[in-house]
Amino acid sequence: LKWVGGSGGYLSLLDQTLLPARVKYLRIRELSVVIDAIRRLAVRGAPAIGIAAAYGVCIGLQDVAQDGDEVFFAKLDEVSDYLAGSRPTAVNLFWSLERMSARAEELAARKLAPRDLLKALLQEALEIHEEDRSLCRAIGEHGGRLLRSGWSVLTHCNAGSLATGGMGTALAVIYCAVQGGKKIRVYADETRPLLQGARLTSWELNEAGIEVTVACDN
């Protein structure tokens, strides 16, 4: 997922429900579509959901960027409440919304115009995304040193770039090991009932040129 353009831009999101048969990117400009994407697992994985929610806040505020402060902050509360209801069990979702709200409160003291508040909140969302990208890389670099060339690794579910803002968490370890010249083979179990391993992990690894075998886990 990524943000395209400035404060009036949109969220570009790979629809994971269509993988591996079809690769389709959604261009999301409406809050309702962000919420739908989270609910139906078009975006999934705790870090990715948190990032999508941060961008969702910006999308939800675009139509009040020219209004007054009271309207802007009332809309912020409304947007946050709607997003919070999209996945009640997602910890990163609530963390991200709380961080965006805290940043808005901090900016309120500066008496910025709503359009400038929106720009600042977009910058916060971009920083949330970049921080996750950096964390993923750090996990991969540290963990990659623990793997030896020639090893086979068994994975469950999907913890790669599809689930995060960067190269993944568990899969980042594999990616960094391979980038370091190690030969790693992956066995990805299906992960029923939604088949995140069979549909997503195997697709990711194939795209990266890493040998992967899907294992039946029923």
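Provided above is the structure to which this section pertains.
Reading guide: rules and limits
Residues numbered from 1 in each chain as written. Predicted model: local features only at pLDDT ≥ 70, side-chain atom pairs only at ≥ 80, totals over all residues. Heavy atoms only, no water. Helix = DSSP H or I, 4+ residues; strand = E, 2+ residues; numbered from the N terminus. Rg over C-alpha atoms; globule rule 2.2 N^0.38 Å. Buried < 20%, exposed > 50% of the residue type's maximum accessible area, 1.4 Å probe, protein only. Contact = heavy atoms within 4.5 Å. Areas by Shrake-Rupley, 256 points an atom, 1.4 Å probe, with all protein chains shown as cover. Lys, Arg positive; Asp, Glu negative; His and termini not counted. Charge placed at Lys NZ, Arg CZ, Asp CG, Glu CD. Disulfide = S-S within 2.5 Å. Core = buried A, V, L, I, M, F, W, Y, C linked by side-chain atoms within 4.5 Å. Phe/Tyr/Trp six-rings, centres within 6.5 Å; stacked < 30°, edge-to-face > 60°. Pairing = 2+ DSSP bridges. Right-handed = clockwise from strand over helix to strand, strands pointing away. Axes fitted to C-alpha atoms, helices over the stretch in contact; angles between N-to-C directions. Salt bridge = Lys/Arg side-chain N within 4 Å of Asp/Glu carboxyl O.

Undergrad: Just to check I follow, could you spell out the overall build of the protein for this structure?
TA: Per the secondary structure count, the protein includes seven helices and six strands. In sequence order, the protein lays out its α and β elements as β-β-β-α-α-α-α-α-β-α-β-α-β. For a compact globule of 218 residues, the expected C-alpha radius of gyration is about 17 Å, and the protein comes in at 19 Å, within 12% of that figure. Taking the principal axes of its C-alpha atoms as reference, the protein extends roughly 60 × 30 × 30 Å. Taking all 218 residues of the protein together, 49% fall into the buried category. Contacts in the protein between residues far apart in sequence, at least 24 positions, make up 70% of those at least 6 positions apart. Summed over all atoms, the accessible surface of the protein reaches about 10,700 Å², with 52% contributed by carbon and sulfur. Of the side-chain charges in the protein, 25 are positive and 26 negative, and the distance between the mean point of each set is 8 Å.

Undergrad: Help me out: how do you make sense of the state of the cysteines in this one?
TA: Structurally, a disulfide amounts to a covalent bond that connects the sulfur atoms of two cysteines. Under the counting rule described, the total for this entry stands at zero disulfides. C157 takes part in no disulfide bond, and the closest cysteine sulfur, belonging to C136, lies 15 Å away. Sulfur of C216: no disulfide; nearest cysteine sulfur belongs to C157 and is 16 Å away. According to the relative accessible area criterion, C216 is exposed, its value standing at 55%.

Undergrad: Would you explain the nonpolar core in this entry?
TA: One broad trend across soluble globular proteins is that nonpolar side chains are buried collectively. Core analysis: the biggest nonpolar cluster contains 43 residues, and I28, V57, C58, L61, L83 and M100 have the highest contact counts within it. Of all elements in the fold, only strand 2 (10–14), strand 3 (25–28), helix 1 (31–39), helix 2 (46–61), helix 3 (69–84), helix 4 (91–108) and helix 5 (114–144) reach the threshold of two or more residues within this core. No other element matches the 11 residues that helix 2 contributes to this core. Contact partners of I28, with chain neighbours within four places excluded, come to Y10, L11, L13, V33, V34, A37 and I59. Core analysis: the second largest hydrophobic core is formed by 17 residues, L147, V173, I174 and I184 among them.

Undergrad: Explanation requested: the packing of aromatic side chains in the structure shown.
TA: In the structure shown here, the tally under the stated rule is two aromatic pairs. Their ring planes at 80 degrees and their centres at 5.7 Å tell us that F72 and F73 sit as a pair that is edge-to-face. Take F72: its relative accessible area is 0%, and that puts it in the buried class. Its relative accessible area of 23% is what places F73 among the partly exposed residues.

Undergrad: Honestly, the pairing of strand 5 (residues 185–189) in this entry has me stumped. Any pointers?
TA: The side chains of a regular strand alternate between the sheet's two faces. Alignment of strand 4 (residues 152–155) against strand 5, held across four bridges, turns out to be parallel. Pairing of S152 across the sheet is with R185, part of strand 5. Between strand 4 and its parallel partner strand 5, the chain crosses via helix 6 (residues 170–179), and the hand of that crossover is right-handed. Direction of pairing for strand 5 relative to strand 6 (residues 212–215): parallel, over a ladder of four bridges. Note that in strand 6 the partner of D189 across the bridge is A215. Regarding topology, helix 7 (residues 196–207) serves as the crossover connection from strand 5 to the parallel strand 6, and that connection is right-handed.

Undergrad: So what exactly am I meant to see when it comes to the sheet that holds strand 4 here?
TA: Hydrogen bonds between backbone groups are what pair the strands of a sheet, and the pairing can be parallel or antiparallel. Read across the open sheet, the three strands follow the order 4-5-6; overall the sheet is parallel. With one partner strand each, in any of the chains shown, strand 4 and strand 6 form the two edges of the open sheet. Averaged over all neighbouring strand pairs, the angle between strand axes comes to 20 degrees, with direction disregarded.

Undergrad: Help me understand the sheet that holds strand 1 (residues 2–4) in this model?
TA: Taking strand neighbours across the sheet as the criterion, the three strands line up as 1-2-3 in an open arrangement whose pairing is antiparallel. Both edges of this open sheet fall to strand 1 and strand 3, since each of them pairs with a single strand only. Between one strand axis and the next, the sheet turns through 30 degrees on average, direction left out of account.

Undergrad: Teacher, can you tell me more about the pattern of salt bridges here?
TA: Opposite charge on two side chains permits them to pair, given that their charged atoms come into close proximity. Scanning the model with the defined rule gives 11 salt bridges in all. The shortest N-O distance in the salt bridge between E131 and R99 comes to 2.8 Å. One end of the pair, E131, is in helix 5; the other, R99, is in helix 4, and 32 residues separate them in sequence. Here E131 falls in the partly exposed class, since its relative accessible area comes to 36%.

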